[in-house]
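Here is what each chain is made of, one letter per residue.
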Amino acid sequence: MAAELDTYHNYRHTITSTLVKRTINTLEQSATYHRNAAFYLPYNFNLPTTLHTSTSSPSRARIKESPSKMTESTASQTQNDPPKVLSDLQTEQTTLNRVSHRLAMTDPGPALEKVLSLLLPRLLSRIGKNDDAKKKHKKQRQGSAAANNNNKRKLSGEMTVSTSENTIYDQIDSVHDAIHKKLIEMLTHTMKRVREDRSCKLPCGAVLELLTTTTQQQSSEDDNGAAAVTNAFTVNLSLMFLTLGLNRCSPKECASLLPGLLQFWASILRPTNNANNDDDDATTSSSIGVLHFMDPSRKMRHDQTWHLIFRCLESISHNPTETAAARRAASSSSNDDATSSSIDTASAETSSSSVSIPSLINKTKQMIAQSSLISATLFDLFVDIFLYTPVTGGTTVTPGLSPIGYQRLVSGSASQKSGAKNFREEFVTRMSLRELKLKLLDLIAPCRRFALFMLDKQQSGGSDDDDDNDNVNAVGDEMGISRTVALMVLLTGDPDPDIKSKAESYLRAHMDSYRGKDIVGESSIHDALLGNSIALAQSIMSFSIGDISSANSKRRVKAKYQDDSVALKSLQSSLGLTYHYDASNDAEQKTYLSVCRMKVPDYTATPALKFVAKMLEDNPKLFQVGIDMGLEEADAAGVYVGTLALAVFSDLRRPGSSSSSVLESAASLLHALCVRLTLFYDARTGSGRDRLRVLLAQSLKLASDVLTPTSAGELTSTGTNVTKTAIGVEIRDHCYGLISTLARSNFALDERQEIFDCGNSSSSTSVFTSIATATLLFGCSSNETEILRPRATSALDALLGGYTRVIALRAEQAKKDILAEELIAKNNVSENPWADLSANGSGSVSVETKGSKDVTESLARSLSPLIWNAARRSQPKSSRLAAARWSHELLSHIDAPNAYHLLCFLSGDDDATVSMIAKQAMGVDKSLGEDINLGSWTKDDSINLPSFGEIMSSVVRSKSRPKYTEFHLRAQAASLRFMVQSLFSEESFYGDELGGDELRIFVSVILDTLSSYRDKSLSREETDLVDECAICLSACTSSSLEGRSLVRNFHDDSGFGFNDISMQALSSHSAKTRRHFSEVVGHLYEDHALWTDSPGSFSVSDWIEITGLKNMATICTKTLGTMFEPSFVLGEVHGAAFLGSQCVRALRLAETRNEQDADDGISDCWTACADIVSLLGKGLAHSDAAIGNACSRAIVIAFSYDGQDAPNLNKKLFDAVAIALGKMNASLKKFSSIDHADANRAASLIEASGLLLAASTSGAGSSNTTEEDGFIGLGGARLQCVDSLFGILGSAVYKKDDELSLAVGEALVKYADAFGQGEWSSSGTGAEWPEGPYDAEFAFSLPPHVHILYTLFERELKSTNPMKKNSCAPVMLAIVGHASRLCNIDTVFSQRAMIQEVTKFMIRFQNNFIHLLSHPKATQLSRESCCRGISALRGLSTVISAPATETESLNARLLKAFGETSNYGGSAMIETEAQARERRNDGEASNFDATSAEVGGTSGLSEAALGAYREMSSAAISCDRPD
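Residues numbered from 1 in each chain as written. Predicted model: local features only at pLDDT ≥ 70, side-chain atom pairs only at ≥ 80, totals over all residues. Heavy atoms only, no water.

Draft legend 1. Examining the overall build of the chain more closely. Scanning the chain for helices and strands turns up 64 helices and two strands. Sorting the 1523 residues of the chain into buried and exposed places 53% on the buried side. Considering only contacts within the chain whose residues lie at least 6 apart along the sequence, 76% involve residues at least 24 apart. About 67700 Å² of surface is accessible on the chain, with carbon and sulfur atoms providing 50% of the total. (Helix = DSSP H or I, 4+ residues; strand = E, 2+ residues; numbered from the N terminus. Buried < 20%, exposed > 50% of the residue type's maximum accessible area, 1.4 Å probe, protein only. Contact = heavy atoms within 4.5 Å. Areas by Shrake-Rupley, 256 points an atom, 1.4 Å probe, with all protein chains shown as cover.)

Right, here's the structure in full:
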């Protein structure tokens, strides 16, 4: 049979009748496969009226008579009259002889073409009917013989059938054979003449009508269930003549033939469901069996029809004769009815010149949209052609094609003009194949004129009268869009650059076609561009792995939805044909394997998979449950697409199976899919999540397998091929993104913990049993290439977030369980009061707490070595960065001591980012190197910190891991600051459970660190460490008696003792170190218990001798004296200033009058201290700002005191303080002047002057004992200094920093409130102030608290300088605020002289505040100070025992100032004159009393007035006085 088929394919290349007859014989043999013949039909053999131009009239008349005779003979055959049948057949034979003769006599050319247009269809029809009649006659004869044989038993010896009847039957058979031979002879003659005359066209439409009529008959079954089947001779010979005639048809004629060919093709592929087949696809219209491939006759017809359709499409796609006018005409008639498939109508339209190809193609498009079988089959045809490439070498099948499809394609007939034998030889060259693919691409491209698979708007829109047809068109159009996109995507991977470029441009134009447009209706833009996205993604991925792998994946998915019909329905959508077979039939199974496509080559799969990945990325609602998809359907679609994606990635990862480029595309696809599935997974609840979880776990496992070599340190590629390395980088990049996506989703919260074990399910859900994923990613961060280390770090961060979420969730659940158990226990106790009262109610809590700790103990034990290994300095930055984050965000919650030990180690990392993250986690990033403010720390700051003892044990005394002495210098500094913060964050400095040695160890660590850098030249990092040691040591000694005792008693020869600290305070190269060491020395000086054996026997002289205070003061005096020399050591002078100030303060606080004059040592010490004070005063105006600021800060330290009242000043310091005040006066004037204005130095001087004035209050009335010229004594110097402070208000330096006025106010408050009650030596008490201008002499005679008020009210506030007036508001705020603060702390302070004086002038304070607030040139600081001052007055008035009338007066004035709107000029609310006039006029027009007050509201308020009111309200709220 195969040899005969090969002969058939080559028959047209031979012109001899022998080969033609051989072909006919072959067709006769193939006809034996069709036994179900149709009933005999009436013979209607209509001959043409003329066969030759030379035919005479009598002949034409006889030919005209033949139809009636033939009709009569045909009708007579329906009667069972053998003689009549024989007579009619003989007449027919005679007629055929005459027709044959006339046909032979017809001249070639138009005459022959005209005759064949009428004769050929009838010949083809008659040869089949004659064969059917012969078979029927034979069947009837056999039936009669059987009946006669049965009658023999009844009529024995009687001959039932006469010899004459047998003779008639034999003659009938003989005539049938003669007619058959004559018809073959005529058809052979026709074939020969047509092949010789290539210009002769055949009636392809009429011939095709024979096949389509058969198709219509087959579509409607008779009552017995048997469909009518046309005779094999008619079908096969018709296909043969169509194959010959189609080459001679025009593109328009091919377009008219295409619907009929598709209809006949569908009849061959009509789905037949096997009884033993359980495949659900068997019920779909695009799913067919494989029986037609097993039947040689049907397979031959299928292959011939396939090539006929292909040749029609090829002819249609290349039509250079069609004009633009014809296309416009087609566009106007595109809404015609396209459902009719009548060949007569098609022929009529073909003959009409007004019908164009697009109008004919619209009918085909409508048929494609309405028939899933036709559209799927046609899609496979295009795929076969687009994927075809000439095979070379030993390859027998083109990748992407099935074995049967490949043989069908290459063995098809070639076009007549090519001169080739078959398809393979016709398209063997690259140029011819490129031309074919480009023409077919234009035929299906949506941006071209045909768009074969897509309906036009008129067709897809439909009408309201036919809803079913609209639904069919909508579904067909959706799948048509998907098929069009899939074909273009496949061609984007074509090896020919021209085809690839054109396909990419068409695809890009299609994807941009809806840019900037709105989609009307419920569909999204993705539906309009991609159609059925699920089917599109499934089909493209199936091409990448082959049909067999795709079918296996589909079978596995179906097994999960056996009882869900809705889900199974969503799995049946496919762009191409799907095949089903009987698994128990080996022949069918073998045939099925031959029709399965092989996977496409890598260069085709790469862009295809990238497109699917891009499609998933751009459509976030792909698996969203909505209008188009239900929950089950969306779930099945997601699982199916996910299963295929996993199969694609697994298949391409096999060694040697694919290139890196296609694997990169598969990785991007898997990543994009996981992004979509995680969104779907997070939205799902219940059992539906399990299927998605399995897919996500498998994806994680694949990604982990890809990253395993990198984590182990193996090279990803060998050699120097940059391209391979880059592709490998992209693959790992997608794997990191996949892990990050999964870790950030709810997949991380699943109880199986697959995210933490590289996709493997954990056997225990109560504890963390694996850190496989973390180990993998930490290894990747260490061994990954530089470009991907950030991605590995990002994946680690995402995994860290997963851990923290799981721990937080479990902690919350544990807390709920505890509360539930407590509630149950409480209810039980209430119900049974005689229960065991000795049972500890917290016992269950402790057990649960222990259980919750067990959950994380194993995780902490596993993670600690891993993170420590990642934190090594030999590891890259990304690894150390991840270690810092994991320690802070995860390990600190489950193993705090180990976590902070690791953070201390990382705080000295060479990378600034790693170091900063560690310092931020420790809470020392902002405080490191700064002074320690114990008052600013709260308990919440250390809520997550381990105890001080645990930190000391892990950081200082660790044995298995790096400890403090092995840290980097930066890490040691950060560790010290962290430890001191932990020390002061506890309620006690050390715990009894740890033995009480922690503080001692800490101080020893500080002193040991200092001793290692003694007498050495220090680098910057070493200097920072020494600074931090000094700061920490100062903090320990300032607040801890134990800390001071440890420093005082530290006698280790190699250590760092008290004397070393004192010397470093003078000679250290760091100003910060010198200042804090001075504080340490001062703390030790002031703790008298350290210097005596018995607390009750303290002696100043002994204390001075033991501490060496006198010697130290003398050294400081000598060093300070060098600052006026031409050359001096700045550091030593700076250290001497601070250390000397500590000596002065310590002596002032330890002074006892009993020993003051009795001991020469004490007197000498006072003399040295007086020299220090005078030198500090002289250094205030030093040209070096560092010296000047150091002296002013030293004076602050020297004269600072604890409590509200300043201690009495020793007489030996009177002159020194007077000199310091004189120098202070000069310095204030100098640095506030316009030539030397310096805000920083002025602020330092103002603070020092306030303390100096307060400390010298006790000596204000002393007489001048110094006879030097210009020396005015202590009292005069104090008054001059006060006057200089007032002079700063509104000065040039005030312009630079207006907040200096607040510092002046605080300094004046210290001066005025140095003593609560006392006897003043001045003559005036300030009871009555003189009227008139400011009297300076009177002011100098007043006590300090009266002095400042008199000067402020009578001189400063009455100044015409706006800057001076604005600067008074902060001064008044400082005075009133100080009084209000003390009184609200304790009402006893209201008896202090200053507060009583302020109370007398509360109304005046209020009036001045209101006046300044309404001043047109008030500044922001002035207005804010006034608002806060008014609030402070309110607070003061409610605390002190003031008369009720005075309090009411204050409230009334306040209400009048801020509540009345009719008092223009005296109101605090600024309004223009025009606004006031308009307000008054409105009031008069409304007959309102002009004197009445409008209280409340904001009507008529100006912008400035409303702003002032808001500021006053905010000030009241900030003072916690909203009333």
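Draft legend 2. Representation of the pattern of salt bridges. Under the criterion given, the structure shown has 51 salt bridges. Here Arg311 and Glu314 are joined by a salt bridge, their closest N and O atoms 2.8 Å apart. Note that Arg311 and Glu314 are positioned in helix 11 (residues 296–317) at a spacing of three residues, about one turn of the helix. Each member of the pair, Arg311 as well as Glu314, carries the same accessibility label: buried. Between Asp442 and Arg448 there is a salt bridge, with the nearest N and O atoms lying 3.8 Å from each other. Judged by its relative accessible area of 18%, Asp442 falls in the buried class. Exposure remark for Arg448: the relative accessible area of 43% places this residue in the partly exposed category. By sharing partners, the salt bridges in this structure join Arg311, Glu314, Glu426 and Lys439 into a single network. (Salt bridge = Lys/Arg side-chain N within 4 Å of Asp/Glu carboxyl O.)

Draft legend 3. Just unusual backbone geometry, in detail. Unusually for a residue other than glycine, Gln753 sits at a positive phi of about 60 degrees. With a phi close to 55 degrees, Asp1015 is a non-glycine residue in the positive phi region. With respect to the element layout, Asp1015 can be found in the loop between helix 40 (998–1012) and helix 41 (1020–1039).

Draft legend 4. Spatial organisation of the side chain of Ser1380. As for its placement among the helices and strands, Ser1380 is situated in helix 58 (residues 1362–1385). In this structure Ser1380 comes out as buried when scored by relative accessible area, which is 8%. Beyond its immediate stretch of four places on either side in the chain, Ser1380 contacts Ala1432, Gly1435 and Leu1436.

Draft legend 5. Representation of the packing of aromatic side chains within the structure. Under the counting rule described, the total for this entry stands at 29 aromatic pairs. Taking the centre distance of 5.6 Å and the plane angle of 65 degrees together, the rings of Phe310 and Phe423 count as edge-to-face. A residue pair is termed long-range when its members are at least 10 positions apart, and Phe310 in helix 11 and Phe423 in helix 17 (residues 423–426) qualify at 113 residues. Ring-pair connections join several aromatic residues into one group, and the members of that group are Trp1329, Tyr1334, Phe1338, Tyr1350, Phe1353, Phe1401 and Phe1405. Note that Arg689 overlies the ring of Tyr681, its terminal NZ or CZ placed 4.0 Å from the centroid. Here Arg1355 stacks its cationic end above the ring of Tyr1334, 4.9 Å away from the centre of that ring. (Phe/Tyr/Trp six-rings, centres within 6.5 Å; stacked < 30°, edge-to-face > 60°. Lys NZ or Arg CZ within 6 Å of the ring centre and 35° of its normal.)

Draft legend 6. Representation of the side chain of Asp494 within the structure. On the secondary structure map, Asp494 appears in the loop between helix 20 (467–491) and helix 21 (497–511). The residues touching Asp494, leaving out its near neighbours within four places in the chain, are Phe386, Lys437, Ile499 and Lys500.

Draft legend 7. Spatial organisation of helix 23 (residues 533–545). Over its 13 residues, helix 23 extends 19 Å from the first C-alpha to the last, a length consistent with the 18 Å expected when each residue adds 1.5 Å. Count one or two residues on from helix 23 and you reach Gly546, which has phi positive near 95 degrees. (Expected span 1.5 Å × (residues − 1).)

Draft legend 8. Seen up close, the nonpolar core. Formed by 409 residues in total, the largest nonpolar core has its most connected members in Phe382, Trp886, Phe1002 and Phe1405. The element contributing the most residues to this core is helix 28 (residues 631–652), with 13 residues. Look past the residues within four positions of Phe1405 in its chain and what remains in contact with it is Leu1349, Phe1353, Met1372, Ile1375, Val1376, Val1398 and Leu1433. (Core = buried A, V, L, I, M, F, W, Y, C linked by side-chain atoms within 4.5 Å.)

Draft legend 9. Region of interest: the environment of Ala683. One can find Ala683 in helix 29 (residues 660–683). With relative accessibility at 61%, the residue Ala683 sits in the exposed group. Sequence separation between Ala683 and Asn746 is 63 residues, and the spatial gap between their C-alpha atoms is 9.3 Å.

Draft legend 10. Representation of the environment of Gln1064. Mapping Gln1064 onto the fold places it in helix 43 (residues 1058–1067). The class of Gln1064 is buried, set by a relative accessible area of 17%. Taking the C-alpha atoms as reference points, Gln1064 and Asp1015, separated by 49 residues in sequence, lie 9.4 Å from one another. Not counting chain neighbours up to four residues away, the residues in contact with Gln1064 comprise Phe1056, Arg1074 and Phe1077.

Draft legend 11. Broad picture of the packing of helix 40 against helix 41. For the pair helix 40 and helix 41, the least separation of the axes is 10 Å and the interaxial angle reads 145 degrees. Viewed along their axes, helix 40 and helix 41 form a crossing whose handedness is left-handed. Contacts between helix 40 and helix 41 involve Phe1002, Val1003, Ile1006, Leu1007, Thr1009 and Leu1010 from the former and Leu1025, Val1026, Cys1029, Cys1032, Leu1033 and Cys1036 from the latter. Taken together, the residues of the contact of helix 40 with helix 41 break down into 11 nonpolar, one polar and no charged. (Axes fitted to C-alpha atoms, helices over the stretch in contact; angles between N-to-C directions. Left-handed = near helix turned anticlockwise from the far one by under 90°. Nonpolar A, V, L, I, M, F, W, Y, C, P; charged D, E, K, R; others polar.)

Draft legend 12. A look at the packing of helix 39 (residues 969–985) against helix 40. The interhelical angle for the contact between helix 39 and helix 40, taken along N-to-C directions, is 155 degrees, at an axis separation of 12 Å. Between helix 39 and helix 40, the crossing angle belongs to the class labelled roughly antiparallel. As helix 39 packs across helix 40, the resulting crossing turns out to be left-handed. Between helix 39, through Leu976, Met979, Val980 and Leu983, and helix 40, the contact on the second element is made entirely by Leu999, Phe1002, Val1005 and Ile1006. Tallied by class, residues from the contact of helix 39 with helix 40 come to eight nonpolar, no polar and no charged. (Parallel < 35°, antiparallel > 145°, perpendicular 65-115°, else oblique.)

Draft legend 13. Layout of the confidence of the model for the chain. Looking at the chain as a whole, its pLDDT mean stands at 77, while 73% of the residues score no less than 70. Of all secondary-structure elements in the chain, the lowest mean pLDDT belongs to helix 3 (residues 57–77), at 38, while helix 55 (residues 1300–1312) reaches the highest, 93. Here residues 220–228 is a poorly scored stretch, pLDDT under 50, and it has five contacts once near neighbours within four places are set aside; other chains count. (pLDDT = per-residue confidence, 0-100.)

Draft legend 14. Region of the structure containing the state of the cysteines. Tallied over the entire structure, the rule returns zero disulfides. This cysteine, Cys249, is not joined by any disulfide, and Cys204 carries the nearest cysteine sulfur, 3.7 Å off. Unpaired in terms of disulfides, Cys1036 finds its nearest cysteine sulfur in Cys1032, a separation of 6.8 Å. Since its relative accessible area comes to 1%, Cys1036 is described here as buried. (Disulfide = S-S within 2.5 Å.)

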